[in-house]
Every structure is written in C-alpha cells, then in structure tokens.
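# Observations on chain architecture
In case you want the letters, here they are:
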Amino acid sequence: MPDTKINTVSRRQILLGGGALLGSTLIPGAGFISDALGGEIARPEYLIRAGFNENPWGPSRVALQAIADSTKFTNQYGVNRGALIAMMAELNDVPPDHICISSGSGEILRTAGMLANMDNGSVVCADPTYHDLIRYAERAGAEIIRVPVDPETMHVDLNAIHKAIRRDTRCVYLANPNNPIPSIIEKNALRDFTLDVARDRMVFIDEAYFEFVDNPDYESMMDLVREGHNNIVVARTASKIHGLAGMRIGFGFAHPEVTTRINEAKTGAINVLGLEAALASYQDSSFQEFTLRKNKESLAIVETMLDELGVRYVKSNANFSFMQTGVDVTPLGEAFRAENIMVGRPFPPKNDWLRVSMAKPHEMRYFVQIYRKLLER
Ligand SMILES: Cc1ncc(COP(=O)(O)O)c(C=O)c1O
C-alpha cells in the first residue's frame, strides 16, 4: 500500500483558506463551479450524503410500492413478524427460532452489549470499530478492552484480540467488514477463532456490510449459527444494501437460547411499513445487484484517485472508503461541506483519516474533483 507523499503544510493552508481561497468562484445563482483547476463538474444544488454509509439508490421501487400499499395498516398493532422471520429463515437456511428482528441491527447490538454487562464482564473489540455495542456496554458499566488494528495493514488483529481475552470477558465484538476501516477478517482464521472463543463467551459478528464483499478470503459466519453452535451471534441489517436505514429493520441470528435472551431484553419493536418494505426488498435481487455494480463504480473512481495521488488507504470491502488525508479531518469535513459534500465524522485518534461513503458515481467524480482541489499539491 503506498504511503502518502503530500505536503501537509500546503494542505493546511488550503484548508484554512476555505472555499474562497481555493481558486474557486461560485457563480451566484448558477450553482456551478468554475475554478482555476479547470473543474467542469457542476456543483450540486443539494448536499451529497457521503457520511453515513447509506445506499444512495435506495429504497428499491418494490420496497417503495410495498410501503405505499401498507400505509392503510398503520393503525394496527399486529405487525406480522412471522412472515419476515419465515422469509429470512428460508433465505439464510436457518430455523425461524434462530432469528430475532429488531429496530435496525443497532438494537441487537445494544441489547447484546447490555447482556454482556449483566455479569459484570469485559468486552473485547478491535480499535477502531463500530461503536453501538461497545458504547452501550461501556455505559452499562462493562470494561472495554480495545485492541488496536494492525498498524501496517489496518486489519483487525485476531491474534492480539485472542490474547486480550480475559477470564471475565463476556463478549468479543467483531464487525466484518469492519467500520470505519473497510477491511475483512480472513475466513479460516475467523472460523477457528470463533469456534474456540465461543466455548466460554459470546462472539458477536456484525455483518452489516457482508453483501458488499467480493473477496475470496471472506465468508459469513452464518453457517456456524446454522450448525447450532451456542454463543455465536451474527447480525445483519436492511439499512445498507437494501437502502432502508430510515425504516429501522435489523436481524440477529443465533441459537434459540440466545435469541430468547435478546428478545426478552430488547425494548424496541418494528413497524408495519418497515416490515413490508423489508419483505419486498429481500426478494428483489435486481436492486441488490444494481447497488453492488454502482458501488463498485463509485469505489473505482475514488480508489483510482487515491492511487494516482499516492494517498494511503485501505482497499474497500464495503460501501465506503477510508483514506489518510494528512490533515485534520474536522476542518477538512467543513471544507467539503462548503462544497456541498457531507463526509464521515472524525475517528479519533486517527484524526487525519477520512471515511467517505459511496454516493452515486457522478457524485463521487465531483468528490474527486473537490478532493484534488482541497488536497492535491
Ligand atoms: C458495522 C455496523 N453495524 C451496525 C450498524 C447499524 O445499522 P442499523 O442499526 O441501521 O442496522 C452500522 C451502521 O452504520 C454499522 O456500520
């Protein structure tokens, strides 16, 4: 992976200068960029959302139709969870009692974080990683053991995580692919690790981005749930490839002893529109394929620029990119926002690493234009 060779002083000067000092001129009312670098892409009239790893294309048409068709049922309490569970059971080849549905997978994560603390234990995770389970467990009083990613590859360091596990560790949380770093954990190592560690504690594998992975070294750990192992939870979500983040539908897959505990502890409920949208969307493979194809296009646009500029980044296995800009990303984020692009929040202590979610390809071309304008020497 190339190391960045960028003059950070000049970049900082650029950032401090803001839009007006970047050689760009906004033509009032026209909404176009005319700049010294010859950028031709029009400044959008709207904010490009590249900050939350959302699906820029979703929800699918079939999901929207399902939502429209079910608004008349929103006066009813009786959401038919059975239909969604039955479909997920069939799609994933697991018995229905191995599945819980939640208000986004975040609810499963937070419930698991709370359960982990019930025995006053510790939770082990990679650092950085997704925060939901960890923060919830921490606020509930659990000790969090954060294990830094490998500094060279930025991958989750499974050996170091193994060593960090203590007698009182109740849960090991692994996001695979990880977030904000879009890396994966090698499948054989993960399988051995999970089977070994789950003998004495919960291994929680968060597969929010699994549909985006196109890497022979990757495998979902769903088959371990299917085989009936206890103490293993796999979480999935309708928020990402299905573009239903605002509908709040997520899933936990685990042995019935675990799904029962999660169902008893969680406090949220799903709504009829989210349920119908998910039912329709999971059967619409064409939308998922379309999203994947476009995501690859967008990633290629961004990663090609990063290669050209020699910027260090982690090759993406998801719908976002993580790059070392060489500057503090807080003012950088503001500079992007001034150009109508919302990028990811800072992930301290990696304060010069930027997470950018993949918007539509033409939007990412605009992102590239602005990135070059703000950061190219
Ligand atoms: C790794 C990971 N897990 C879980 C979630 C939670 O998603 P949701 O609650 O929308 O299912 C996210 C959201 O960004 C995520 O990045």
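That block above? That's the structure.
Keep in mind it's a predicted model, so treat the numbers as computed, not measured. (Residues numbered from 1 in each chain as written. Predicted model: local features only at pLDDT ≥ 70, side-chain atom pairs only at ≥ 80, totals over all residues.)

If a residue is not glycine, its phi is most likely negative; likewise, a peptide bond is most likely trans. Of note, the bond from Asn-176 into Pro-177 is cis; its omega dihedral lies within 30 degrees of zero at 0°. In this fold, Pro-177 is placed in the loop between β7 (169-175) and α7 (187-197). The step from Pro-348 to Pro-349 runs through a cis peptide bond, and the omega angle for that step is 5°. With respect to the helices and strands, Pro-349 occurs in the loop between β13 (341-343) and β14 (353-357). Of note, Asp-93 is a non-glycine position whose phi angle comes to about 55°, a positive value. Relative to the assigned elements, Asp-93 resides in the loop between α3 (81-92) and β4 (99-102). By the C-beta count within 10 Å, which is 10 here, Asp-93 ends up exposed. Although it is not a glycine, Asn-231 adopts a positive phi angle of roughly 70°. The buried category is assigned to Asn-231, around which 20 C-beta atoms lie within 10 Å. (Helix = DSSP H or I, 4+ residues; strand = E, 2+ residues; numbered from the N terminus. Buried ≥ 20, exposed ≤ 12 C-beta atoms within 10 Å, placed from the backbone.)

Our next topic: the nonpolar core. Ala-112, Phe-204 and Val-233 are the most contacted members of the largest nonpolar core, which has 107 residues in total. If one sorts the elements of this core by residue count, helix α13 (residues 361-375) sits on top with 7 residues. Taken domain by domain, the makeup of this core includes at least three residues from each of domain 1 (8-57 + 286-375) and domain 2 (61-281). Dropping the residues within four chain positions of it, Val-233 is found in contact with Ala-112, Met-202, Phe-204, Ile-205, Gly-252, Ala-254 and Val-258. (Core = buried A, V, L, I, M, F, W, Y, C linked by C-beta atoms within 7 Å. Domains from an automatic or database assignment. Contact = placed C-beta atoms within 7 Å.)

As a matter of local geometry, the ligand sits amid 14 residues, with Gly-104, Ser-105, Gly-106, Thr-237 and Ser-239 nearest to it. Looking at the shell around the ligand residue by residue, the class counts come to 4 nonpolar, 8 polar and 2 charged. (Near = placed C-beta within 6 Å. Nonpolar A, V, L, I, M, F, W, Y, C, P; charged D, E, K, R; others polar.)

Further remarks concern helix α10 (residues 272-281). The buried fraction of α10 amounts to 9 of the 10 residues, a majority that puts the element mostly inside the structure. Those residues of α10 that sit buried are Leu-273, Gly-274, Leu-275, Glu-276, Ala-277, Ala-278, Leu-279, Ala-280 and Ser-281. Of the surrounding elements, those touching the buried residues of α10 are α2 (61-70), α3 and α11 (285-309).

Turning our attention to the sheet that holds strand β9 (residues 232-237). Read from one edge to the other, the open sheet built from 7 strands follows the order β4-β10-β9-β8-β7-β5-β6, with strand pairing classed as mixed. Whereas interior strands pair on both sides, the edge strands pair on one side only; in this sheet they are β4 and β6 (143-148). Ignoring which end each strand starts from, the neighbouring axes of this sheet average 20° apart. (Pairing = 2+ DSSP bridges. Axes fitted to C-alpha atoms, helices over the stretch in contact; angles between N-to-C directions.)

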